[in-house]
Amino acid sequence: MNLMTKQQAMDALRGKCIALIRFDDFETAKLVSHAVAQAGIGAIEITFTVKDAPRLIRELNEEFGDNVLVGAGTVLSGSQAELARENGADFITSPCILPEVGTACKRLNMMCSMGAGTVNEAYQSYLAGSDLIKLFPGSSIDPDFIRAVRAPLPFLQFMPTDGVDYTNIGAWFANGAYAVGIGSYLTKGITRDHLEEVSNRCKLLLNAIK
């Protein structure tokens, strides 16, 4: 199993959409992951709320190889970060600022993205070990937040997550987003019988940032 270093993952994620996969059912999560990847999304985040998330991360890594990054989301402890890495996760994200997660990621040389919703939280997320700050929930933040914050703090890099769709993804990148996390827009109302709709939503996103 080839594990991406922190810097390799950062380089690979620049300008990319990361699809958040959050389903109760393992098989649905796996089918949607494949549909997203086939539609051209190059990074997938399997949240720890998915049943058997570590196993799904491992299986997707084996199936995708180097073609798609597979990370772990909703990571809430250092032990979860370690478990994700053991199963091949290329990166981790968390909605919260958790120093023990940042510390584990530094030790594992794994890219870390922890949450923030204000300027102060963004800086605290960075100090706690975030390489890429997860703006969450993106639906409650204006895209120009990034440009305003990076004026005095240019070393911070941001990934707005949730609330991002094809109508505003261009504005997020125009304001300096490093990457974007796509959550409910991709998966809301999706079941195993709606995989074509997942592909259509992915294509709208990718066309909007061409």
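Calculation rules
- Residues numbered from 1 in each chain as written.
- Predicted model: local features only at pLDDT ≥ 70, side-chain atom pairs only at ≥ 80, totals over all residues.
- Heavy atoms only, no water.
- Helix = DSSP H or I, 4+ residues; strand = E, 2+ residues; numbered from the N terminus.
- Contact = heavy atoms within 4.5 Å.
- Buried < 20%, exposed > 50% of the residue type's maximum accessible area, 1.4 Å probe, protein only.
- Arc of directions from axis to C-beta.
- Salt bridge = Lys/Arg side-chain N within 4 Å of Asp/Glu carboxyl O.
- Right-handed = clockwise from strand over helix to strand, strands pointing away.
- Axes fitted to C-alpha atoms, helices over the stretch in contact; angles between N-to-C directions.
- Left-handed = near helix turned anticlockwise from the far one by under 90°.
- Nonpolar A, V, L, I, M, F, W, Y, C, P; charged D, E, K, R; others polar.
- 1 Å grid on protein atoms, 1.4 Å probe; cavity = no way out; pocket = protein on both sides within 12 Å on 5 of 7 lines; lining within 4 Å.
- Points joined across faces, edges and corners; volume = space filled by probe spheres on them.

Our focus in this paragraph is the side chain of Asn 61. One can find Asn 61 in helix H3 (residues 53-64). The residues touching Asn 61, leaving out its near neighbours within four places in the chain, are Val 70, Asn 87, Gly 88, Ala 89 and Asp 90.

Here we take up helix H5 (residues 99-108). Considered for burial, the residues of H5 that qualify are Val 101, Gly 102, Ala 104 and Cys 105. For H5, the arc enclosing every buried residue in end-on projection is 160°, short of the 170-degree limit, so these residues lie on one face. The exposed set on the far side of H5, more than 90 degrees from its buried face, consists of Pro 99, Lys 106 and Arg 107. Directly after H5, the chain includes Asn 109, whose backbone phi takes a positive value near 55°.

Turning to the pattern of salt bridges, a few remarks are in order. The tally for this structure, following the rule as stated, stands at eight salt bridges. Its salt-bridge partner being Arg 55, residue Glu 59 comes within 3.1 Å of it at the nearest N-O pair. With a gap of four residues between them, Glu 59 and Arg 55 both fall in helix H3, about one helical turn apart. Residue classification places Glu 59 among the buried positions, given a relative accessible area of 16%. What emerges from the salt-bridge pattern is a single network uniting Lys 30, Asp 52, Arg 55, Glu 59 and Glu 63.

Looking now at the pairing of strand S3 (residues 69-73). Buried residues dominate S3, accounting for five of its five residues. What you see with S3 is no split at all: Leu 69, Gly 71 and Gly 73 on one side and Val 70 and Ala 72 on the other are buried throughout. Following the chain from strand S2 (residues 43-47) across H3 to the adjacent parallel S3, one finds a crossover that is right-handed.

Okay, the packing of helix H4 (residues 78-86) against H5 next. Put simply, H4 and H5 touch, their axes get as near as 8 Å, and they point 35° apart. Handedness of the H4/H5 crossing: right-handed. Here H4 contributes Gly 78, Ala 81, Glu 82 and Arg 85 to the contact with H5, which in turn contributes Glu 100, Val 101, Ala 104, Cys 105, Arg 107 and Leu 108. Taken together, the residues that form the contact of H4 with H5 break down as five nonpolar, one polar and four charged.

Attention now moves to unusual backbone geometry. Here Phe 136 and Pro 137 are connected by a cis peptide whose omega angle stands at -10°. Of note, Pro 137 is situated in the loop between strand S6 (133-135) and helix H7 (144-150). One non-glycine residue, Asp 52, lies in positive phi territory at about 60°. Assessed through its relative accessible area of 37%, Asp 52 is described here as partly exposed. In this model, Asn 109 sits at a positive phi of 55°, which is unusual for a non-glycine residue. The topology assignment puts Asn 109 in the loop between H5 and strand S5 (111-116).

This brings us to the environment of Gly 117. Looking at the secondary structure, you find Gly 117 in the loop between S5 and helix H6 (119-127). Looking at Gly 117, the relative accessible area reads 29%, which means it is partly exposed. Each C-alpha atom, one on Gly 117 and one on Phe 145, is 9.8 Å from the other, the two residues being 28 residues apart in sequence. Those residues in contact with Gly 117, other than ones at most four positions away along the chain, are Phe 136, Ile 141 and Phe 145.

Empty space among the atoms can be located by rolling a probe the size of a water molecule over them. Quantified by volume, the largest pocket comes out at close to 210 Å³. Together, Met 1, Asn 2, Leu 3, Met 4, Arg 58, Asn 61, Glu 62, Gly 65, Asp 66, Val 68, Leu 69 and Asp 90 line the largest pocket. For the lining of the largest pocket, the class distribution of residues is five nonpolar, three polar and four charged.

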